[in-house]
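# A closer look at the structure
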Amino acid sequence: MRATSTSLTLAEDRPLLRQLADVRWTLLATAMLLAVVGLATVHSASSELASDYFPRQAVWVGLGLIAFAAMLGIDYQTLSKFSVPIYVAGVLALTAVLFLGAVRGGARSWFGFGSFGLQPSEFAKLSTTLLLARYLAGTNRRYLQLGQIALASGIVLLPMSLVVLERDLGSALMFLPVLAGMLFVAGVRWQLLVAALLLGLLLGALVWNFALLDYQKERVLTFLDPERDPLGAGYQLRQSKIAVGSGQIAGRGYMQGTQSQLRFLPARHTDFIFAVLAEEWGFLGVVGVLLLYAMYILNGAQVAIRARDRTSVFLVVGLLAAFGFHVLYNTAMVVGLLPITGIPLPFLSYGGSFTLASFISVGLILGVDLRRYVNR
Amino acid sequence: MKRVREQREDLVSRVPGLQVACATLLVVIATAYWRVQVVQGDYYRELAENNRLRRVPIQAPRGLIYDRHGRHLVDNVPSYNLLLDRSVSADLPRALRFAAATLNRDGGDFEAALTKNAGSSRFKPVLLAENLSLAEVAKLGVAKLEFPEFQTQIEHLRLYRQGEITAHVLGYLGEATETDLRRPGFSYRPGDLVGRKGIERVFDRRLRGQDGERELVVDSFGRTRDEHGREAAKPGLRLDLTLDLELQQEAARYLEDRVGSAVALDPRTGEVLVLVSAPSYNPNLFTRRLDNEQWQALLEAPHHPLQNRAIQNAHAPGSVFKVLMGVAGLSEGTVDSGDSVFCAGQTTIYNRRTRCWLRSGHGWVNLRTAIKRSCDIYFYQLGQRLGINRIAHYARMFGLGSPTGFDIPGEKAGLIPDTKWSITHRKSPWYPGETVSVAVGQGPILVTPMQTARMVAAIANGGRLVTPYVAAGSPARVVDIDVDPNVLAEVQDAMWAVVNEERGTGGAARMANVEVAGKTGTAQVIEQKTWIRSKDLPFEQRDNAWFVSFAPMVDPELVIVVFVEHGGHGSDAAAPLVKRVYESYFNEPDAG
């Protein structure tokens, strides 16, 4: 651990309880509030289905709280030390699921355990963030060099491409904001950013327009997203907008949304749960939940700002970038601003691995906050 | 041990940038929700309502129609249709084979129905077959578990009990056309059955009632979950006709193999008791959607069965017109009842040799005898003296040459010529020679049987021109004709003689217990050069036969007019029908 800074912040040794009291519990409180809203909405969205997803999601939230407590207890520095083996384990799990996994919704990204399933990609995202944080913390320059950027990208691209091979495009996309957020904080010359962006666009456009034939493009698109069906996606988007719009200002009332209760809206307990919320609670509910997400992100950012070391800053930024992107993409997709792809909404959507990973993420962030003082 | 804090300000300084970016994007997204939920909220709320509510009409039972004695003329009978719900079909070809075998129908028809509906939503059931028997419905019900795609639907269809006998009065129903849908004051929906012809059309609004509606809550599979609202159907009102079914049947039976029409009406009110047009058609054919072939066959059938000959066909009245000539002559003082004319069987008028139908001649005839024996020569001379314009004046006074105002629409006006008409319509002057023809009901003069019946009624009732109607309770519209009752009495007496005196032409209508008065008419279809008996002519060239009548002589209750196309002489072809109908009428216990 290098200590090149001259600015010193001293902390006295304090009892654990007082240290715990000084942590940003608002973060957990918002997470819990969102999880409660999520449970209620999952119940409403799935009450018409053969099985109510509420009890299962409640189990996942319970498991999530245990994982949260465990993460709070483990020092992130210890985790950081083991970040390479953890990362390797993540990659191995992603490789294994390619051969051994179960196919759900067209994607081979699941390990099935009876009625419960685990998605290693959710945990690989965490392990990748951990390794990337450790690596970037060691690059002690004002701006990153090209080689460093390449290496950082490589760390992300390896698991990401495995997820792409699993045909889980939504999950794969989520690696990019982690990389982008952390690189931004690490410092990338803006000229480089612009150049990379232009080069990427140019290469992509060239390959797409001249190297690929139509049927190949179709194959690529179908490969990336097996459920790609313009008509199907059109139906989903239309029903989602009808659900959202018909909620108007005050909503139709809990369990009273016709779009969700009469099953017009597909994927309503998972990726489109926010449409159910918008229908039943209206614009007021939408704003309320968006405010909760904003609170979560801003409080998390405060943790990053007062974190003890570079590793923890990167870690928190990476976790928040993933979280923020989930929230922004999902809510934008539900209202029709972005194309539909399988990206769930943290704490609201039904989903075991994702809920678990989200609570682990809260634990990691608050763990960083707990250990923000240089001396204990 | 004290540690020195790592240098991390460069990193931390960039975090607020991310915060701002994130917050900004959240605001952008919230704005998008504002737009969809608040600005366009009403639009999407309506789409959501359309998603979930299906409006299903409840068919209002159509009003029934009765004759004057309360006898059913029409029924609403339940009919079963077979519908196919493609959305729940597991093995469509197998299901279709099953249906074809169960209903013993051609599977090709089912395929055709499916092809026709290939473009519509899978959730919209396709009409596969109509008119299933109860046994077939039961068989499909038993197989419901195996073939859930089949639904049977009940529909109430119109059954005209008397079929062809009442076809031209009642009319029939048909699917609403574009014109119907735009008809002001009527709220027809596409696919509705509406009155096409006759009473069904005129009183459609009263008979159809008002369909109700069920508002069903359906899920995304179109399955009914709940009933949201219900507006009961208002049944159509019953309609009583002035028609007398027994008389109608009697007249129809007589005309069954003939071409022509019969009208019977009450000269006191204008109530129509009989209206038959032959050949007729079976209105029950129209109950289902008629296919093109059947329609073409009806259109091309000989003698146009769809035509209502009693009001839509105008013909020369022939000798029937002589009673009006008598009224005109007496009223104008042109003749006196005692004035006699010598009929030698032929005469020369305007340098043309003109014949009486009786070649041997009638000898000396006064008006009474001329009517009784239908002497042409007498009326040639009377016509000559009256002139066409005075003839036309009286003809019009008695309602000839214009629609009678009968409540079934489609009446022809017919034609009563005069000099003005000749100039304006023919662009040529009227020839006095034509007046002679018109005087015996030939030449350019056309009247409908209904008009003729109305004229006879006015003669019989002492000069009151009634408006015929068939819907009971219609306001009686009567016009008093400015004519001397004594004149009418003389003509009535002459008509009595036609039937009841020796050598009268209408003896065939004579009855033992009721005094019938009448007049025969035989209208030439072609100008005959030689005397050939009508029976020996080809059908289309045979004379048209008329018989007009009223009974009893005192306070007449019934006017009957019969017209048989190419029937030959009125006395042979038309009078027997009149007699039968009177017999039936006066033998009814509750006659009148």
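## So, the confidence of the model for chain A
All names here are of chain A. Averaged over all residues, the pLDDT of chain A equals 85, while 87% of them reach at least 70. Of all helices and strands in chain A, the one with the weakest mean pLDDT is helix α11 (residues 214-224) (66), whereas helix α14 (residues 273-305) scores best (96). The model gives residues 1-11 a pLDDT under 50, and that stretch makes 21 contacts with residues more than four places away or in other chains.

## Some thoughts on the packing of helix α7 (residues 146-165) of chain A against helix α9 (residues 175-186) of chain A
All names here are of chain A. Look at α7 against α9: their axes get within 10 Å of each other, and the N-to-C directions meet at 160°. The angle between α7 and α9 places the two elements in the roughly antiparallel class. Read as a crossing pair, α7 and α9 show a hand that is right-handed. The residues of α9 that touch α7, namely those facing I149, A152, S153, V156, P159 and M160, are F175, V178, L179 and L183. Here the contact of α7 with α9 is composed, by residue class, of 9 nonpolar, 1 polar and no charged.

## Notes on the sheet that holds strand β4 (residues 126-132) of chain B
Residue and element names in this part refer to chain B. Reading across from one edge, β4-β3-β5 is the order of the 3 strands in this open sheet, with antiparallel pairing throughout. With partners counted over all chains shown, the strands left at the sheet margins are β4 and β5 (150-160), one partner each. Looking at each pair of strands side by side, their axes are set apart by 30° on average, direction ignored. Strands in contact with helix α6 (residues 134-142) are β3 (74-84), β4 and β5; relative to β5, the strand with the most contacts, it is inclined by about 165°.

## A few points about the interface of chain A and chain B
Chain A puts 54 residues into the contact, and the matching count from chain B is 38 residues. If you list the elements that add at least two residues to the side of chain A that touches chain B, you get α9, α12 (230-246), α13 (258-261), α14 and α15 (310-334) of chain A. Here the side of chain A that touches chain B gets 13 residues from one element, more than from any other, and that element is α14 of chain A. In the side of chain A that touches chain B, the residues fall into 31 nonpolar, 16 polar and 7 charged.

## Let's talk about the nonpolar core
Counting residues in hydrophobic clusters, the biggest one holds 123 residues, and the most contacted among them are A262, V263, A264 and V559 of chain B. When near neighbours in sequence (up to four residues on either side) are disregarded, V263 of chain B contacts V272, V274, L275, A310, P449, M450, A453 and V561 of chain B. The next biggest cluster of nonpolar side chains, apart from the first, holds 114 residues, and it includes A31, V156 and L169 of chain A together with A48 of chain B.

## Structural notes on unusual backbone geometry
All names here are of chain B. Residue A278 is joined to P279 through a cis peptide bond whose omega torsion reads 0°. Considering the arrangement of structural elements, one finds P279 in the loop between β12 (272-278) and α12 (292-300). The amide bond that connects A551 to the next residue, P552, takes the cis arrangement and shows omega of -10°. Looking at the element boundaries, P552 is found in the loop between β20 (544-551) and β21 (558-564). Here the phi dihedral of K427 falls at roughly 55°; this positive angle occurs in a residue that is not glycine. With respect to the helices and strands, the residue K427 is situated in the loop between α18 (419-426) and α19 (432-439). Classification of K427 by C-beta neighbours within 10 Å gives exposed; the count is 7. Of note in this structure, D555 is not a glycine but carries a positive phi near 50°.

## A closer look at the sheet that holds strand β1 (residues 53-58) of chain B
Residues and elements named next belong to chain B. With respect to topology, 3 strands assemble into an open sheet ordered β1-β8-β9, the strand pairing being antiparallel. Of all the strands in the sheet, the pair left with one neighbour each is β1 and β9 (224-231). Going across the sheet, the axis of each strand differs from the next one's by a mean of 25°, ignoring polarity. Bridge count for β1 against strand β8 (residues 212-218) is 6 bridges, and the pairing is antiparallel. The residue of β8 that forms the bridge with R54 is L216.

What counts, and where the lines are drawn
Residues numbered from 1 in each chain as written. Chains lettered and ligands numbered in written order. Predicted model: local features only at pLDDT ≥ 70, side-chain atom pairs only at ≥ 80, totals over all residues. pLDDT = per-residue confidence, 0-100. Helix = DSSP H or I, 4+ residues; strand = E, 2+ residues; numbered from the N terminus. Contact = placed C-beta atoms within 7 Å. Axes fitted to C-alpha atoms, helices over the stretch in contact; angles between N-to-C directions. Parallel < 35°, antiparallel > 145°, perpendicular 65-115°, else oblique. Left-handed = near helix turned anticlockwise from the far one by under 90°. Nonpolar A, V, L, I, M, F, W, Y, C, P; charged D, E, K, R; others polar. Pairing = 2+ DSSP bridges. Core = buried A, V, L, I, M, F, W, Y, C linked by C-beta atoms within 7 Å. Buried ≥ 20, exposed ≤ 12 C-beta atoms within 10 Å, placed from the backbone.

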